[in-house]
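Fold and contact review
Residue-level listing of the chains:
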Amino acid sequence: MTFYLFLAAIVIISCVIFNLISNKIGVPTLLAFIVLGMLFGSDGLGKIYFDDYVFTEQLCTIALIFIIFYGGFGTRWNQAKPASTKAVLLSSIGTLLTAGFVGVFCYYILDLEFLESFLIGAVISSTDAASVFSILRFKKLNLKYNTASLLELESGSNDPFAYMLTVIMLILMQGFEASTNFTYMIFAQIVYGILGGLIVAWISKALLKHFKISGSGFNAIFMVSVALMAYSMPMLFDGNGYLSAYLTGIILGNSKISHKAELVNFFDGLTGLMQILLFFFLGLLSFPTQLPEVAFPGLCIAIFLTFIARPLAVATVLTPFKCPLNQQLLVSWAGMRGAASIVFAIMAVIHPATITNDVFHMVFFIVLFSILLQGSLLPLIAKKLEMIDNGTDTDVMKTFTDYMEEVTVQFMQLSVPAEHQWVGTKIKDIVLPPDSLLVLIERGEDRIIPNGDTEIAADDILILSGKSPRKDDGINLHEQLIETGSDWVGEKISDISSGEERNILIRRGEDVIIPNGNTILREKDLLLSAY
């Protein structure tokens, strides 16, 4: 036991070191994790013999749950919404077309068995969210035409569709009797997957609203259970657990929940660990000496997928939207295959359906080709296609919910003793310090969001906001961009206040404004609220 713990520590530290090296030489981090697993494996320097497909599939499923959940949780919907229609079509129709094109190629060109050809197409039909997210973030690729949000939404949401296609093909390969409930299976995958995500998100929001969880640590534990529930509940009814987990993540990530910043940091670390485990075990499971046997069909499929199937699918979906050619080419190039494809290949290996080819190593080869070629060259391709946007209003980090514009605001705490002149006085009758706003009153165990008619009581603790950066624990912040066409444009702060929060700051261009009830909102204002 002690030896295995020591070995696990060595592996994780090695992955972190490989991460630093790969970032410096421009190779995608996740490729380094796979290579490290191969080095530790039976054909590598470590000589660790490992061929447990069932255990690896179970481990990778758990890892994918959190990666896909956080893919939704980290998506900033306000930024992604303009690209949502195109992204959903890419993740559904685009995934189906990619699988179909590859299946036709495998059957007619490579002369593989018919259903097995389309199984391979289904397995490699989705793009890799982890690779796309890491490259966009680390390279800070600010892309034109809201392309970063498009790629983020597509890569985060197409794994459930690829999973569904894989399951369908495996059932068809079992014969007519296994596929008699084919229509119901498709219905269950989609409908129960969507319902599961909506129900779990609704219940979670209700619990977080009515029950205060003490400490960000327990909030993180609660959110882990939510992710697991979102996946497992629809799976009990043959629904799509990955689709449910992704929807739950999007809804909660764009809701006003406590300790969101801490949750983002927690899931950053957790999904980072999951990615290390996932890619390392996939590399460990592989036998590099078997790759030459699948190199020719794997290379043919990889080239066809990268330069024909993916571009055709992207063009079919995006051309009706009159998307520029350079955007379509970049979206095509960013369609990297990754861990999900290998996990789905493992599903095929352990499934009762009869498979004649070494699908696992074939898909493994395709993923290595894709991450190495497309991932390494993505920043260069984006530059060559003139898709880099370095404008002041463009920041790829704004597509993620953990982004927060830096604002010069601090929180000040004042105690009101029993003999103070403010006791019994309404807030509207008090003269506060210049450029400050009363945000919160702590009265014993209660936290009160005040308004002008709230009276101050003895021993109240007043939390005021003012200019200068500092964060006060216990106050939750929510940032909202007032977009063109918003109903709030031209409205007074007093007219939009719900009573459950205080609007404490407006970022207008380079100016920072401490608002009052008569302050009028304008387009492109960045409104910061406390609740």
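Before reading further, recall that the structure is shown in the block above.
Computed from a predicted model, the values in this text were never measured in an experiment. (Residues numbered from 1 in each chain as written. Predicted model: local features only at pLDDT ≥ 70, side-chain atom pairs only at ≥ 80, totals over all residues. Heavy atoms only, no water.)

Right, let's get into the nonpolar core. In this structure, F69, I124, M223, L278 and I301 are the most contacted members of the largest nonpolar core, which totals 126 residues. Top element by residues in this core is helix α8 (residues 147–173). It accounts for 14 residues. With residues near it in sequence (within four places) discarded, I124 still touches V102, I301, L305, R337, S341, V363 and I366. I427, L438, L462 and L464 belong to the second largest nonpolar core, which has nine residues in total. (Core = buried A, V, L, I, M, F, W, Y, C linked by side-chain atoms within 4.5 Å. Buried < 20%, exposed > 50% of the residue type's maximum accessible area, 1.4 Å probe, protein only. Helix = DSSP H or I, 4+ residues; strand = E, 2+ residues; numbered from the N terminus. Contact = heavy atoms within 4.5 Å.)

Moving on to unusual backbone geometry. We note that Y145 has phi near 60°; this positive angle belongs to a residue other than glycine. As for its placement among the helices and strands, Y145 is situated in the loop between α7 (129–139) and α8. The backbone phi angle of K322 is positive, close to 60°, even though this residue is not glycine. Tracing the sequence through the fold places K322 in the loop between α13 (291–318) and α14 (325–333). Judged by its relative accessible area of 76%, K322 is exposed.

So, about helix α3 (residues 53–73). The end-to-end C-alpha separation of α3 is 30 Å, in line with the 30 Å expected for 21 residues at 1.5 Å each. Most of α3 is tucked away, with 16 of its 21 residues classed as buried. (Expected span 1.5 Å × (residues − 1).)

A few words now on the side chain of E116. With respect to the secondary-structure elements, E116 resides in helix α6 (residues 114–123). Despite its burial, E116 remains without a salt bridge, the nearest opposite charge being carried by R337 at 18 Å. Side-chain polar atoms of E116 contact the backbone nitrogen of T356, separated by 3.0 Å. Beyond its immediate chain neighbours, meaning those up to four positions away, E116 contacts M173, T354, I355, T356, N357 and V359. (Lys, Arg positive; Asp, Glu negative; His and termini not counted. Salt bridge = Lys/Arg side-chain N within 4 Å of Asp/Glu carboxyl O. Polar contact = N/O pair within 3.5 Å; in protein donor to acceptor, adjacent residues only side chain to side chain.)

Next up on the list: the packing of α8 against helix α15 (residues 339–350). Between α8 and α15, the least distance of the axes is 11 Å, while the angle of their chain directions is 20°. As judged from the angle between their axes, α8 and α15 are roughly parallel. Where α8 crosses over α15, the handedness of that crossing is right-handed. Across the interface between the two elements, D159, A162, Y163, T166, V167 and L170 of α8 pack against A340, F344, M347 and A348 of α15. In the contact of α8 with α15, the residues fall into eight nonpolar, one polar and one charged. (Axes fitted to C-alpha atoms, helices over the stretch in contact; angles between N-to-C directions. Parallel < 35°, antiparallel > 145°, perpendicular 65-115°, else oblique. Left-handed = near helix turned anticlockwise from the far one by under 90°. Nonpolar A, V, L, I, M, F, W, Y, C, P; charged D, E, K, R; others polar.)

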